[in-house]
Amino acid sequence: MGENPGNSKYNRSMSKFGIVGLLVGVASGLFAQEGMVPADIPATHTISESRISPDGMLIIFAIDSKVKMIPAGGGQAKDVEGVPKAASSFRWSPDGTKVAFFGEKDNKSGIYLLTKEGVVTRVCDYDHGNGYLPHAGNALAWSPDGTQIAFAGTTDAAPAKADPVVVTRILYKSRTSFSDNRRTHIYVVAVGGGTPRAVTSGDHDEHSIDWGGTGEEIVYLSNREPDPDARLNYDIYAAEVASGKERRITQTPGVELDPKISPDGKLIAYIATTRPITTIDSIAEDAHVWVVPIAGGKGREWNAALDRRSSAPQWMADNKSVVYIAGDHGKSVLYKSTGAGPATAIVNQEAQVMGVSLAEDGTLAMVMSKPDTLGGLYVLRPKGKPTELTASESHWKLSKAESFTFRSFDGTPVQGFFYPALPGTALQVKGRSPMILAIHGGPHGAFGYAFNAAFQMYAAHGYAVVAINPRGSTGYGQKFSDGTLNNWGGGDYKDLMAGVDYILKNHPEIDGNRLGVTGGSYGGFMTNWVITQTDRFKAAVAVASVSDMVSFYATSLYQDLVHAEFSGFPWAGNNYETLWKWSPLAHVKNVKTPTMFLHGENDNDVHITQAEEMYTALRQRGIAAEMVRYPREGHGFREPAHRVDAAQRTLDWMDKYLGESSTSSK
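Structural notes, computed from the coordinates. Given the structure is predicted, the values throughout are model-derived calculations rather than measurements. (Residues numbered from 1 in each chain as written. Predicted model: local features only at pLDDT ≥ 70, side-chain atom pairs only at ≥ 80, totals over all residues. Heavy atoms only, no water.)

**Considerations on the nonpolar core**
For clarity, the cut-off: Side-chain atoms within 4.5 Å are what join buried Ala, Val, Leu, Ile, Met, Phe, Trp, Tyr and Cys residues into a set we call a nonpolar core. Exposure classes here rest on a 1.4 Å probe applied to the protein chains alone. A residue is buried below 20% of its type maximum, exposed above 50%, and partly exposed in between. Any two residues whose heavy atoms approach within 4.5 Å are treated as being in contact.
Counting 85 residues, the largest nonpolar core has Ile 268, Met 435, Leu 437 and Met 526 as the members making the most contacts within it. When residues no more than four places from it in sequence are discounted, the contact partners of Ile 268 are Val 219, Ile 236, Ile 249, Pro 259, Lys 260, Ile 261, Trp 290, Val 291, Val 292, Ile 294 and Trp 315. Leu 374, Phe 417, Phe 455 and Tyr 630 belong to the second largest nonpolar core, which has 32 residues in total.

Shown next as structure tokens:
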């Protein structure tokens, strides 16, 4: 299928960009020596984004804080020189001669251009408020004629630090601080630079932009509810670039996301939900692909029969086909829909596809991650098969993950992934290994066919890992995704326990007396719930965990997650009783499991008070417990030292209670 790596057309294109050769990823000739250790966690660099040129000849991508180019026909990836740090949102100009992107230099963000001669220039300053914009999409777009660039952001100066802080909004928190209340609007700037001109304004946000067709209008999302903080309800709008005159394209009770204009400028493809209540965080409803005329009218669902959560729609050049990603049984599959007939799977492997971009001739670039690779860059020519362009081999010894399916307590089929412990570790007693139950976040997340550094680290240390997708997980249809509604800790908990039982029955090499449990966010909630329901686990590590559903509602950035998942506000009907029923703290008197709590001090997704409540209760009851507070961290640790520390502490805690000296089963 693709071009010959030695094709002179591709080599000439590379030389135009003035770039220096450097191999991508880990060289394929390295020998596998050791398993992963905590210090390796920050070193598992993956491709953060990729973008193929309009002519299908070059791909620009970012990995490990570097920007690289590679011929789409194959060859050696090369560093792009002179690119500012934190480069992101690569967007090729319509003629394929330049790339626009966001970058940072001298502690100041800006919009930059990379020319085909390898010259980097700054177009203008760029800034954005720190407020939380749920599900915000594309923020940078070229005009169809290539003379202007549009962006979603702000030109307002950051306000002075308030003392005291006066709160008047529901969404007054950002991910790690308080919102500065600067609104996101749409601006345009000439490619040659200058002062950006505002296209939109007002006391609301506009984002997720696209610019196509004749170039007269930019389309975007905005929430025009009386109080946008109280109800998430994005609709698609368009504004004339010259005058700012605005018109509304959709008006639905659901949420429109990620609008993309067809090449001929007549249609808009987008992702949408249909339910009147959609949370700003983990959505239970599986969004699907929709299409609406750009002139307005009723949208039409293009892939309803697929019954899979869809994302990232993109038009093909024929103006008749949309490609997108949908999860399916642990895979991320690339599909195509035309609005008639069933969806067609274009790339359907035991892998997770992401970062898809399209050239005008239909060539696709994408990143694919598999359980035994960090994620490689692939190209797919029309009527061809995916061809890997970058070396993504690991130099670690890895556990070979296996998928399994079992029948849960009520007969529902549930999928999980099992990672055997690597042999020869000190934790193995009489040929048997301890095992860790890992629980994903969400609740509407999912484990799948992707490289998981934490699981590989556990396996290398001597722990088998079981990762189960209980009801509520995505990739199994709408009914399954709805399985946690009004029922956190019900059927999902029973699914997890049934999955553990299945592994113990089918893997005699696992020591059922040495089981640990860990998870983050909703997985942290479920970790806390598990230890209140059973004492079969001898050690637990709860990360960014929820313990009290009532106080969680009042303190979380996700102020609508509870009433979306539990059929109304806490004060409606007997919801306080329901929320307390499903709160781990309500059952804390049952806990016997030694538990460690890891939490970021600036976590506004799940406030650290959630860990404090559970930790204090365990200590008051005399249960072994530790709480580790990470300064400056939010919901998911960013600082490398903290990531290594959390990994090492997790291993140490598990070793303390599951190691050879702690078990009576030897």
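**Points about the pairing of strand β37 (residues 625-630)**
The following threshold applies: The pairing criterion for strands is at least two bridges between them, as found by DSSP. Comment: elements are numbered from the N terminus, with helices defined as DSSP H or I runs of at least four residues and strands as E runs of at least two. By convention a crossover is right-handed if, when the strands point away from the viewer, the path from the first strand over the helix to the second runs clockwise.
Two elements, strand β36 (residues 595-600) and β37, share six bridges in a ladder whose sense is parallel. Note that in β37 the partner of Met 596 across the bridge is Glu 626. For the segment spanning β36, helix α9 (residues 609-620) and β37, crossover handedness is right-handed.

**Quick word on unusual backbone geometry**
The linkage connecting Asp 163 with the following residue, Pro 164, adopts the cis geometry, with an omega of 5°. Put simply, Gly 442 and Pro 443 share a cis peptide bond, and its omega is 15°. The residue Pro 443 is located in the loop between β32 (433-439) and α2 (453-461) in this model. With a phi close to 65°, Ser 65 is a non-glycine residue in the positive phi region. Structurally, Ser 65 can be placed in the loop between β3 (58-63) and β4 (66-71). For Ser 65, a relative accessible area of 82% puts it in the exposed group.

**Quick word on the packing of α2 against helix α10 (residues 640-658)**
Basically, it comes down to this: Axis lines are fitted to C-alpha atoms, over the contacting stretch for helices. Their N-to-C directions set the angle, which ranges from 0 to 180 degrees. Each angle is binned into one of four classes, with values under 35 degrees roughly parallel, values over 145 roughly antiparallel, values of 65 to 115 roughly perpendicular, and all other values oblique. Each crossing is labelled by how the near helix is turned from the far one, with a counterclockwise turn of less than a right angle marking it left-handed and a clockwise turn marking it right-handed. Under the grouping applied here, Gly and all other residues not named as nonpolar or charged are polar, the nonpolar ones being Ala, Val, Leu, Ile, Met, Phe, Trp, Tyr, Cys and Pro and the charged ones Asp, Glu, Lys and Arg.
One way to put it is that α2 packs onto α10 with a least axis distance of 11 Å and a crossing angle of 40°. Classed by the angle they form, the pair α2 and α10 counts as oblique. Where α2 crosses over α10, the handedness of that crossing is right-handed. Across the interface between the two elements, Met 457, Tyr 458 and His 461 of α2 pack against Ala 647, Thr 650, Leu 651 and Asp 655 of α10. Residue classes in the contact of α2 with α10 are distributed as four nonpolar, two polar and one charged.

**Quick look at α9**
The criterion, for reference: The span you would expect from a helix comes to 1.5 Å times its residue count less one. The arc in question is traced by the directions running from the helix axis to the C-beta atoms.
Under the 1.5 Å per step criterion, the end-to-end length of α9 is 16 Å for twelve residues, consistent within 8% with the ideal 16 Å. Along α9, the residues that are buried comprise Gln 610, Ala 611, Met 614, Ala 617 and Leu 618. End-on, the buried residues of α9 take up no more than an arc of 140°, which puts them together on one face. Next to the buried residues of α9 lie α5 (522-533), α6 (549-555), β36 and β37. Where α9 terminates, the next one or two residues include Gly 622, which has phi positive at roughly 80°.

**Looking at the environment of His 607**
Mapped onto the elements of the fold, His 607 is located in the loop between β36 and α9. In the structure, His 607 is positioned 61 residues away from Val 546 in sequence and 8.4 Å away in space, judged by C-alpha atoms. Not counting chain neighbours up to four residues away, the residues in contact with His 607 comprise Lys 173, Thr 555 and His 599.

**A short note on the sheet that holds strand β7 (residues 98-105)**
Either a parallel or an antiparallel arrangement is found when strands of a sheet pair, and the pairing is made through backbone hydrogen bonds. As summarised here, the arrangement of the four strands in space is β6-β7-β8-β9, forming an open sheet in which the pairing is antiparallel. Whereas interior strands pair on both sides, the edge strands pair on one side only; in this sheet they are β6 (85-92) and β9 (120-125). Each adjacent strand pair in this sheet contributes to an overall mean axis angle of 30°, direction not counted. The pairing of β7 with strand β8 (residues 108-115) spans eight bridges and is antiparallel. Paired with Lys 98 across the two strands is Thr 115, which belongs to β8.

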